[in-house]
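Coordinate analysis (summary)
Each chain is listed here by its residues.
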Amino acid sequence: MKRIVLGVAVTMGLAALAACQQQQPAAPAASPDFQKVLIERLLDAKPGDVIDIPAGRHAFDRSLTLRVNGVTIRGQGMDKTILSFKDQKAGAEGLLVNAGDFTLENLAIEDSKGDGLKINEGDNITIRGVRVEWTGGPKTTNGAYGIYPVQTTNVLIEDSVAIGASDAGIYVGQSKNVVVRRNRAERNVAGIEIENTIGADVYENIATQNTGGILVFNMPNLPQPGHTTRVYNNKVFENNTDNFAAKGAAVASVPAGSGVVINSNDKVEIFDNDIADNQTANIIVSSYFSTGYMTDKGVAKSFDPYPEEIAIHGNRFKGGGDKPDGFDLKALKVAMFGLKGRLPDVLWDGYVNAQRAGGAQVCIDNGQAQTLNADGPNKYKNPSVVTDKVRCTLPPLPVVTLPTKAAATTAKAAPSA
């Protein structure tokens, strides 16, 4: 293994250095030549290299790219080593990786023109202790995705932070065998999104102040449909930020005030979460028919629009449903529960696959928490509380296990509903 330490010339006396270390100030400005040095290191990287980036605020005016397998990029901490793309003129992403056996840890990527960190078509990906942030707050002009592995296998994202993405802070798409744990997502449109992915465990995360906290979606016209996602032991609260997604984006359809949202995905288990004060609903279960996106582009015949084998059990709810987003949901709340009432904790659009033979499609059991069937198939004419009708159980989904010791999960099996 080759270890590469990238030095930065900083002129200061030993006494001043000691004082700075004690006070822990903001990351110092780095050498203006650092961009050139790091770009060259990434171009020259060999499998097994560890590229250490020192503390400091390092400015870049163009994207960084890595195309070599087996490389680790390591900073000194997400608040100490900062890669700033505030003045980016070339490229879209902050860091684009087209490689596998890749680890990125202990640094921050700020204010990229497009996606913060994108990893495309790689296996054995570890993202640890990484912060991706747009520092100007929620804006449609922010990059779409913060941490963004797509078409990847064996992915671990842990102890990381995503703030301000105009689509999803932490997004895993069209991937297999994924663990997303102990992260914090805030002030994004979607805090954490699992899309068209097979086998994902999402646990011990905090999602707050997003438009929607945690999303499990299947999108049409993609080669891989997703299924088998477990969302458990997360804290999902106060996701009430106005939707600031770009017009036409799929997440532009997510109502502000959404806690956990399942859309058109199958075999999803939501359990043992603390979900609170999401003003539209703490959990939403919906089909493609309720979204309104991509209706003018058509949908592949193979696409399954229905959420099926959905198990929601053992969650702890508090508040929420009191100020739903959008005229239709506001009217629904008032008509059924009054001006001072609230929508139930689980809001289901009511679409089921009539051609599916046998078996419950939605099983919801959270004690006294209620479920509302909005009656989407009949144009929402006869909504009703269906708590007892959907109270059933489904077999627990399997634990996701990553293949390396370094990425070993501490996942647990779901308790009986």
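This text gives an overview of the structure that appears in the document. From a predicted model like this one, the values you see are computed outputs, not experimental measurements.

Brief notes about the overall build of the protein chain
- Helices and strands together make up the secondary structure of the protein chain, namely three helices and 32 strands.
- Summed over its atoms, the accessible surface of the protein chain is roughly 17,900 Å², and 51% of this surface lies on carbon and sulfur atoms.

Observations concerning the sheet that holds strand S20 (residues 212-217)
- With respect to topology, 12 strands assemble into an open sheet ordered S4-S7-S9-S11-S14-S17-S20-S23-S26-S29-S31-S32, the strand pairing being mixed. Across the chains shown, the open sheet's two edge strands, defined by having one partner strand only, are strand S4 (62-66) and strand S32 (384-385).
- The pairing of strand S9 (residues 117-120) with strand S11 (residues 145-150) spans four bridges and is classified as parallel. Residue pairing across strands places Ile-119 opposite Pro-149, the latter belonging to S11.

Points about the state of the cysteines
- Under the counting rule described, the total for this entry stands at one disulfide.
- Shown here is the disulfide that connects Cys-363 with Cys-392, its sulfur atoms set 2.0 Å apart. With the S-S dihedral at roughly -105 degrees, the linkage between Cys-363 and Cys-392 falls on the left-handed side. You can see Cys-363 sitting in strand S30 (residues 362-365) and its partner Cys-392 sitting in the segment after S32, a full 29 residues away along the chain.
- Look at Cys-392 and you get partly exposed, because its relative accessible area is 24%.

Details of empty space enclosed by the protein
- Under the counting rule described, the total for this entry stands at one cavity of 30 Å³ or more.
- Taken as a whole, the largest cavity encloses approximately 40 Å³ of empty space.
- The set of elements that each furnish at least two residues to the lining of the largest cavity consists of helix H2 (34-44) and strand S8 (102-110).
- For the lining of the largest cavity, a count of residues per class yields nine nonpolar, no polar and no charged.

Some thoughts on the pairing of strand S3 (residues 56-59)
- Covered by surrounding structure in S3 are Gly-56 and His-58 only, the residues Arg-57 and Ala-59 on the alternate face being uncovered.
- The pairing of S3 with strand S6 (residues 81-84) spans four bridges and is classified as parallel. Residue Ala-59 lies in a different strand from S6, and its bridge partner there is Ser-84.

Regarding the packing of aromatic side chains
- The full count for this structure, using the stated rule, is 11 aromatic pairs.
- For the pair Tyr-145 and Tyr-171, a centre-to-centre distance of 4.7 Å together with 55 degrees between the ring planes defines the contact as tilted. With Tyr-145 in strand S11 and Tyr-171 in strand S14 (residues 168-173), this pair connects stretches of sequence that are 26 residues apart.
- Among the residues examined, Tyr-145 registers a relative accessible area of 15% and is labelled buried.
- Looking at Tyr-171, the relative accessible area reads 4%, which means it is buried.
- For the pair Tyr-288 and Phe-303, a centre-to-centre distance of 5.7 Å together with 80 degrees between the ring planes defines the contact as edge-to-face. Taken together, the positions of Tyr-288 in the loop between strand S26 (281-286) and strand S27 (308-313) and Phe-303 in the loop between S26 and S27 put the pair 15 residues apart, joining distant regions of the chain. As far as burial versus exposure is concerned, Tyr-288 and Phe-303 are alike and both buried.

Thoughts on helix H3 (residues 327-337)
- Residues of H3 that are buried include every one of Leu-329, Leu-332 and Lys-333, and no others. End-on, the buried residues of H3 take up no more than an arc of 100 degrees, which puts them together on one face. Residues Phe-327 and Ala-335 are exposed on H3 and point more than 90 degrees away from its buried face.
- Buried positions along H3 lie against strand S29 (346-348) and strand S31 (371-373).

Thresholds applied
- Residues numbered from 1 in each chain as written.
- Predicted model: local features only at pLDDT ≥ 70, side-chain atom pairs only at ≥ 80, totals over all residues.
- Heavy atoms only, no water.
- Helix = DSSP H or I, 4+ residues; strand = E, 2+ residues; numbered from the N terminus.
- Areas by Shrake-Rupley, 256 points an atom, 1.4 Å probe, with all protein chains shown as cover.
- Pairing = 2+ DSSP bridges.
- Disulfide = S-S within 2.5 Å.
- Buried < 20%, exposed > 50% of the residue type's maximum accessible area, 1.4 Å probe, protein only.
- 1 Å grid on protein atoms, 1.4 Å probe; cavity = no way out; pocket = protein on both sides within 12 Å on 5 of 7 lines; lining within 4 Å.
- Points joined across faces, edges and corners; volume = space filled by probe spheres on them.
- Nonpolar A, V, L, I, M, F, W, Y, C, P; charged D, E, K, R; others polar.
- Phe/Tyr/Trp six-rings, centres within 6.5 Å; stacked < 30°, edge-to-face > 60°.
- Arc of directions from axis to C-beta.
- Contact = heavy atoms within 4.5 Å.

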